[in-house]
Amino acid sequence: MVGVLAAASGAAAAEEWRGRAEGGVEYDSNVQRVEDRQGPQAAPMSRLRAAVDVRGGQPRRARWVLMAAGGARTAMAGGVDTEDATTLALDGAVSRRSSDALALGARATHYEVFPLNAPADAHAFASSGADLSATLTDASAHVATVAVGVRRLAYKPDPDFDWTGATLAVTLEQPLWRGADARAVDGALGYRLEQRDYRGRAYVNACPPGPMPEARCYVPGDRARADLVHVATIKLSYTGQRAASLGYELTVDDSTSFGSSFVRQRLSGSVTTPLPAHVFATLSVVGQLDRYPEPQVVARDIAAQSFDSLDGEARSSAAVRLGRGFGRAWQAELRWSLHASALGDAAGAFRRQLVYAGLTWER
């Protein structure tokens, strides 16, 4: 990872570039992310992360962006080195404006978690994607984007959950209000469709109709699992002296594997405001409601996991962040977050708290 960042920094000499590095310590009340009844274990953790992005090209012609980032999260005590891991993120995009209204683009991404000690860490995965896009912009700053591509997920502990598939995404962005002092309200609508073809076979219910299925009823069928995932989003954002956003997301996963379909609703909101002594505070809340139309006995959390990042929690949460800059490039940061079972989840009682303190350098 260091070599990648160094190479990118060298290339940045002739282009515009930005770099960021951060490090700190964190208390994790449930470092292995288990249900409460299983006896969660707390541990202090160390965090390090570095990132650099390079931009180049001509504003009226082709523009490109390259980003590389890496990080590490390791236990400082508590005997939970099975949770030690490093991450790598790569993102490259190029866009070309063919007219004042139309821009064409291409993008490729990769995110991967590497366990340091456990050969099959429960949170280790690799997610890659590539897409082509077309963006239309009118004189009133309305923006419409259509993107088509492919995506792949490799779940390292169990290859049966590996999948590949085609994606289609449509996004509409519209300014809703403009006021004095650069205050603004903007809205966005989005829809994404994913076809996921799994390596493993779909489960079937081997028991006759009637009573609630037991674990013995779930058996592999003779066909590979396939999911069709619909994601619809709506978001409102306000910018001014303070910044705020409110979003709603509906996910419908229609799976051929018995017990793997689900409907998920997420309502999220955040507010960032300045405080005395040059401190900025951000409060964010996520309320999630999950519904599983079929009985859940096998691998529910794996099937429903979004695999966005090492710390992604597909659950309800609340978080507070305090940050204060000093000097030209430094910032001190303090974060607290609580993650809990999704609303309506009667199967488990998940709780996890994180407290982090660290420093960030940014150029």
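These remarks concern the structure in this document. (Residues numbered from 1 in each chain as written. Predicted model: local features only at pLDDT ≥ 70, side-chain atom pairs only at ≥ 80, totals over all residues. Heavy atoms only, no water.)

## Quick word on the packing of aromatic side chains
Here the structure, examined in full by the defined rule, presents four aromatic pairs. Plain terms: the ring middles of Tyr 218 and Phe 258 are 5.2 Å apart, the flat faces sit at 40° to each other, and that makes the pair tilted. Linking Tyr 218 in strand 10 (residues 218-239) with Phe 258 in the loop between strand 11 (243-255) and strand 12 (262-275), this pair joins segments that are 40 residues apart in sequence. For the residue pair Tyr 218 and Phe 258, the accessibility class agrees, reading buried in each case. In this arrangement the basic side chain of Arg 225 is found over the ring face of Tyr 198, its NZ or CZ atom lying 4.0 Å from the centre. (Phe/Tyr/Trp six-rings, centres within 6.5 Å; stacked < 30°, edge-to-face > 60°. Helix = DSSP H or I, 4+ residues; strand = E, 2+ residues; numbered from the N terminus. Buried < 20%, exposed > 50% of the residue type's maximum accessible area, 1.4 Å probe, protein only. Lys NZ or Arg CZ within 6 Å of the ring centre and 35° of its normal.)

## Thoughts on the pattern of salt bridges
Enumeration according to the criterion identifies 20 salt bridges in this entry. For the salt bridge of Arg 352 with Asp 28, the shortest nitrogen-to-oxygen distance reads 2.7 Å. Of the two residues, Arg 352 is situated in strand 16 (residues 351-362) and Asp 28 in strand 1 (residues 16-28); the sequence distance between them amounts to 324 residues. Each of the two residues, Arg 352 as well as Asp 28, counts as buried. Two residues, Arg 196 and Glu 194, come together in a salt bridge whose shortest N-O distance is 2.8 Å. Exposure class is identical for Arg 196 and Glu 194. Each is buried. Linked by salt bridges that have partners in common, Glu 26, Asp 28, Arg 47, Arg 73 and Arg 352 make up one network. (Salt bridge = Lys/Arg side-chain N within 4 Å of Asp/Glu carboxyl O.)

## Focus: the pairing of strand 15 (residues 330-340)
One ladder, built from eleven bridges, connects strand 14 (residues 316-326) with strand 15; its direction is antiparallel. Each bridged residue has a counterpart across the sheet, and for Ser 316 the counterpart in strand 15 is Ala 340. Remark: three residues form the turn of the hairpin made by strand 14 and strand 15, two consecutive strands paired antiparallel; Gly 327 in that turn has positive phi of roughly 70°. With eleven bridges joining them, strand 15 and strand 16 adopt antiparallel strand pairing. When the sheet's bridge partners are listed, Arg 335 is paired in strand 16 with Tyr 356. (Pairing = 2+ DSSP bridges.)

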